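If you want the building blocks of each chain, they are given just below.
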Amino acid sequence: QVQLVESGGGVVQAGGSLKLSCAASGRTFSSYTMGWFRQAPGKEREFVAGINWSDGGPFHAYTVKGRFTISRDNAKNMVFLQMNSLRPENTGVYYCAGSRRVGVLSQSGYNYWGQGTQVTVSS
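Residues numbered from 1 in each chain as written. Predicted model: local features only at pLDDT ≥ 70, side-chain atom pairs only at ≥ 80, totals over all residues. Heavy atoms only, no water.

Visitor: Outline unusual backbone geometry, listing residues and values.
Guide: One non-glycine residue, Asn77, lies in positive phi territory at about 55 degrees. Along the chain, Asn77 turns up in the loop between β7 (68–73) and β8 (78–83). The phi dihedral of Ser85 is positive, around 50 degrees, even though this residue is not glycine. Ser85 gets classed as partly exposed once you look at its relative accessible area, which sits at 38%. (Helix = DSSP H or I, 4+ residues; strand = E, 2+ residues; numbered from the N terminus. Buried < 20%, exposed > 50% of the residue type's maximum accessible area, 1.4 Å probe, protein only.)

Visitor: I'd like a description of the sheet that holds β8, backed by residues and values.
Guide: What holds strands together in a sheet is hydrogen bonding between their backbones, with the strands either parallel or antiparallel. One open sheet holds the four strands; their spatial order is β1-β3-β8-β7, and the pairing between them is antiparallel. The two strands at the open ends of the sheet, each matched to only one other strand, are β1 (3–7) and β7. This sheet shows a mean twist of 15 degrees between the axes of neighbouring strands, independent of strand direction. Here strand β3 (residues 18–25) runs beside β8; their pairing, made up of six bridges, is antiparallel. Bridging across to β8, Leu18 finds its partner in Met83. (Pairing = 2+ DSSP bridges. Axes fitted to C-alpha atoms, helices over the stretch in contact; angles between N-to-C directions.)

Visitor: Pulling in residues and values, what's your account of the state of the cysteines?
Guide: This structure, assessed with the given rule, holds one disulfide. A sulfur-sulfur separation of 2.2 Å characterises the disulfide bridge that pairs Cys22 with Cys96. Between Cys22 and Cys96, the disulfide has an S-S torsion of -80 degrees and is therefore left-handed. Linking Cys22 in strand β3 with Cys96 in strand β9 (residues 92–99), this pair joins segments that are 74 residues apart in sequence. The residues Cys22 and Cys96 share a single accessibility class, namely buried. (Disulfide = S-S within 2.5 Å.)

Visitor: Talk me through the packing of aromatic side chains; I want residue IDs and the actual numbers.
Guide: Evaluation of the coordinates by the stated rule reveals seven aromatic pairs. Measuring from centroid to centroid gives 5.6 Å for Phe47 and Phe59, while their planes differ by 15 degrees, and the two rings are stacked. Residue Phe47 is found in strand β5 (residues 45–51), and its partner Phe59 is found in strand β6 (residues 58–60); the two are separated by twelve residues along the sequence. Every member of this aromatic cluster is reached through a ring pair, and the members are Phe37, Phe47, Phe59, Tyr95, Tyr110 and Trp113. The ring centre of Trp113 lies 4.9 Å from the NZ or CZ of Arg45, which sits over that ring. (Phe/Tyr/Trp six-rings, centres within 6.5 Å; stacked < 30°, edge-to-face > 60°. Lys NZ or Arg CZ within 6 Å of the ring centre and 35° of its normal.)

Visitor: Help me get a handle on the side chain of Arg67, residues and values and all.
Guide: Within the fold, Arg67 resides in the loop between β6 and β7. For Arg67, which is buried and forms no salt bridge, the nearest opposite charge comes from Glu89, at a distance of 6.1 Å. Separated by 2.9 Å, the side chain of Arg67 and the backbone oxygen of Ser85 make a polar contact. For Arg67, the contacting residues outside a window of four places in its chain are Gln82, Met83, Asn84, Ser85, Leu86, Arg87 and Asn90. (Lys, Arg positive; Asp, Glu negative; His and termini not counted. Salt bridge = Lys/Arg side-chain N within 4 Å of Asp/Glu carboxyl O. Polar contact = N/O pair within 3.5 Å; in protein donor to acceptor, adjacent residues only side chain to side chain. Contact = heavy atoms within 4.5 Å.)

Right, dumping it as structure tokens:
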């Protein structure tokens, strides 16, 4: 099992940047694909970005390509989401998640979840 704790959220103006962090504890962190999801008020949780355990390859939702970048540091058991050029529609609670599979885009494909960190982008 993996325990995940997110941090780095806050309130920023449109066009600003934030970097989210996810600290993981567990015996097989390097064997988990890690992902970031966003849930806006009253909406479903949506995939933002993921990074594989098999080859370390990142993959991002089309809506954030060129603005957001996911990365991981297995030695430190951490996953990051660098968010640039933020827009009001990026507002929501961001969750870190882990999966034993690769290239997972769906919420149901992730087995472990953090508590989330709030990101608010003002216009």
